[in-house]
Amino acid sequence: MRQILKVQISDEKEYLIEISDSDFVKFNQEISEYTKGQKRLIVMSKKVYKLYSDSLLFKDDEIFIFPDGEKEKNYKNYLRIMQRAIELGLTRKDVIIAVGGGVVGDVAGFAASTYMRGIDFIQVPTTILSAVDSSVGGKTAIDYAGNKNVIGTFYQPKKVFININFFGTLDKKQFMSGMGEVIKYALIEDSCKYRVPQFLFEFLTLGYEKIMELEPLTTVRLIEYCLNLKAAVVAQDEKECGLRKILNLGHTLAHALESITKYSKYTHGEAVVYGLFFITAFAYKQEYINYSYFRLINELLEKYGFAPLKQKFSPAEIVKYMQKDKKSTADKITFIIPCDKKQVKEIKLTPYEAECAIKDILWHPIQYKK
Ligand code: GLY
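Residues numbered from 1 in each chain as written. Predicted model: local features only at pLDDT ≥ 70, side-chain atom pairs only at ≥ 80, totals over all residues. Heavy atoms only, no water.

A look at unusual backbone geometry
Thinking step 1. We note that leucine 57 has phi near 60 degrees; this positive angle belongs to a residue other than glycine.
Thinking step 2. For leucine 57, the location among the structural elements is in the loop between helix 2 (46-56) and strand 4 (63-66).
Thinking step 3. Non-glycine residue alanine 145 carries a positive phi angle of around 50 degrees.
Thinking step 4. By the secondary structure assignment, alanine 145 is in the loop between strand 7 (139-144) and strand 8 (147-154).
Thinking step 5. On the basis of relative accessible area, alanine 145 is assigned to the exposed category, the value being 63%. (Helix = DSSP H or I, 4+ residues; strand = E, 2+ residues; numbered from the N terminus. Buried < 20%, exposed > 50% of the residue type's maximum accessible area, 1.4 Å probe, protein only.)

Next comes the structure, spelled out in C-alpha cells:
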C-alpha cells in the first residue's frame, strides 16, 4: 500500500511525501533508487539504529549514529555531522538523509541546509510525531543557550519517505505523543483551507480501535489526512508569516511546560495535549466556542486516554517561559484558539491576562456533565 502526496511551495519548489507499509528490503531499494549516483550521509537515531540497522541495509560507513533526546539538538552534534560530511567527501550533488524522530530530522536538516550552502535532504521519520509534523514543512533547527530552535533555516526536503512499519516499535508514550499532534490537526482542519474535507475529527472518533491497534490502512490514512492539512498550510505560508501559525494550536502552553521541565518530563505531544485542554477551556470561558463543541473536544481527547494537566506550576513562571517564545513580543503572548468547529484563530494576551487565564483555567478545570 502506498500513498503519494505533493507539497507545492511554489511553481519551482515542490516535493513528494510517500507513505507506505512496504517491507524494509523494498523500502531500502526505493531509497537507494531515489539516491542513485549520490554519496549519502545517513543521520540515524541511536534507538532506530539498534532496532533497524539489520533490516535497513544501509552501509555502516555512511551512517552517523545520532544520540536521542532534545538535549542532543545542539551545535556540537551539528558540527559532528558536518565533520562526517567532510570526511565522506560529500559535494553539492550529494545528500543527507535523516532517519529518526524530530530531533534527528531538525539537526540533519539544518546540516543539509548549511553544508556547502545547501545539499539535498531526505526525511525518513520513524515516529508518528515526526511523520505528521516535523518531517514536512522545512523547519530545521538546533537549540542554543537554553533557547529552543533559536538557530535554524526553512529548508524543504527533496522527498519524505514514511514507512508505517517503524511505528510498531514505538512505546506507548511515544505513540500517544504522536496522537496529541494528530488530534491538533482535527481541531484546525477547516482553517487549513485544504480543498477536500478530510473529516479527521470524525475519523478519529469512529476509527479509534483501528487507530490504536495501528491497523495498516487506517494508519496510512491517518498520516495522509494530517499531512494533506499540513501540506496545504505550508503551501500557503512557507515561512510562517500568517496562516502557518495555526499549526501551533496548544503549543504556547506546551513549549512553556517543556522548557520549565527541561524537556525531561513531558513528551512534545503530551505537552501539546495539555495545551489543547487549556486553550479549549479558555475558548469556552471567553465564548469563542459553545458548550457543545467544548464538550466534543474534551470527549475526543479523553477517548484517547488524555486528561488535563494535574501538576501545578507557578502561573507567573509559565508566563515567563511563554514570553520567551519566538511568536511572543515583550508585551503580548500569542495563542492560537478554537473559534468555531474545526476552526482556530490567533489572539494575543498581555502577560497579566495570560497569567489570570492560567490561574483561572489550568488550576480550576471546567467540569462538564458526562
Ligand atoms: N511544527 C509547526 C510547523 O511546522 O510549522
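With respect to the state of the cysteines
Thinking step 1. Within the structure shown, the criterion is met by zero disulfides.
Thinking step 2. Left without a disulfide partner, cysteine 192 is nearest to the cysteine sulfur of cysteine 226, which lies 9.8 Å away.
Thinking step 3. For cysteine 192, a relative accessible area of 0% gives the class buried. (Disulfide = S-S within 2.5 Å.)

Some words on the site of the ligand
Thinking step 1. With respect to spatial proximity, the complete set of residues near the ligand consists of Asp133, Lys139, Lys230, Arg244 and Leu247.
Thinking step 2. The separation between a nitrogen atom of the ligand and a polar side-chain atom of aspartate 133 is 2.9 Å.
Thinking step 3. Between the ligand and lysine 139 there is a distance of 2.9 Å, counted from an oxygen atom to a side-chain nitrogen or oxygen.
Thinking step 4. Here the ligand has 200 Å² of accessible area as a free molecule, and 89% of this is covered by the chains.
Thinking step 5. Per-class residue counts for the shell around the ligand are one nonpolar, no polar and four charged. (Near = heavy atom within 4 Å. Polar contact = N/O pair within 3.5 Å; in protein donor to acceptor, adjacent residues only side chain to side chain. Areas by Shrake-Rupley, 256 points an atom, 1.4 Å probe, with all protein chains shown as cover. Nonpolar A, V, L, I, M, F, W, Y, C, P; charged D, E, K, R; others polar.)

Topic: the sheet that holds strand 4
Thinking step 1. Across the sheet, seven strands lie side by side as 1-2-9-6-5-3-4; this open sheet has mixed pairing. Of all strands in the sheet, those with a lone pairing partner are strand 1 (2-8) and strand 4, marking the two edges. Across the sheet, the axes of successive neighbouring strands diverge by a mean angle of 15 degrees, strand direction being ignored.
Thinking step 2. One ladder, built from six bridges, connects strand 5 (residues 95-100) with strand 6 (residues 120-125); its direction is parallel. Of the residues in strand 6, the one forming a bridge with valine 99 is valine 124. (Pairing = 2+ DSSP bridges. Axes fitted to C-alpha atoms, helices over the stretch in contact; angles between N-to-C directions.)

Some words on empty space enclosed by the protein
Thinking step 1. The final tally for this structure, using the stated rule, is four cavities of 30 Å³ or more.
Thinking step 2. Reported here for the largest cavity is a volume of approximately 70 Å³.
Thinking step 3. Residue lining of the largest cavity: Lys245, Asn248, His251, Thr252, His255, Asp325, Lys327, Thr334, Phe335 and Ile336, and that is the complete set.
Thinking step 4. The set of elements that each furnish at least two residues to the lining of the largest cavity consists of helix 10 (251-260) and strand 10 (333-340).
Thinking step 5. Taken together, the residues that form the lining of the largest cavity break down as two nonpolar, five polar and three charged. (1 Å grid on protein atoms, 1.4 Å probe; cavity = no way out; pocket = protein on both sides within 12 Å on 5 of 7 lines; lining within 4 Å. Points joined across faces, edges and corners; volume = space filled by probe spheres on them.)

Some remarks on the packing of aromatic side chains
Thinking step 1. As enumerated under the stated definition, the model contains 19 aromatic pairs in all.
Thinking step 2. Each ring, one from tyrosine 52 and one from phenylalanine 166, has its centre 4.9 Å from the other, and the planes form 80 degrees; the classification is edge-to-face. Taken together, the residues span a long stretch of sequence, with tyrosine 52 in helix 2 and phenylalanine 166 in the loop between strand 9 (159-163) and helix 6 (172-188) at a distance of 114 residues.
Thinking step 3. In this structure an aromatic cluster arises from ring pairing among Phe24, Phe27, Tyr34, Tyr52, Phe161 and Phe166. (Phe/Tyr/Trp six-rings, centres within 6.5 Å; stacked < 30°, edge-to-face > 60°.)

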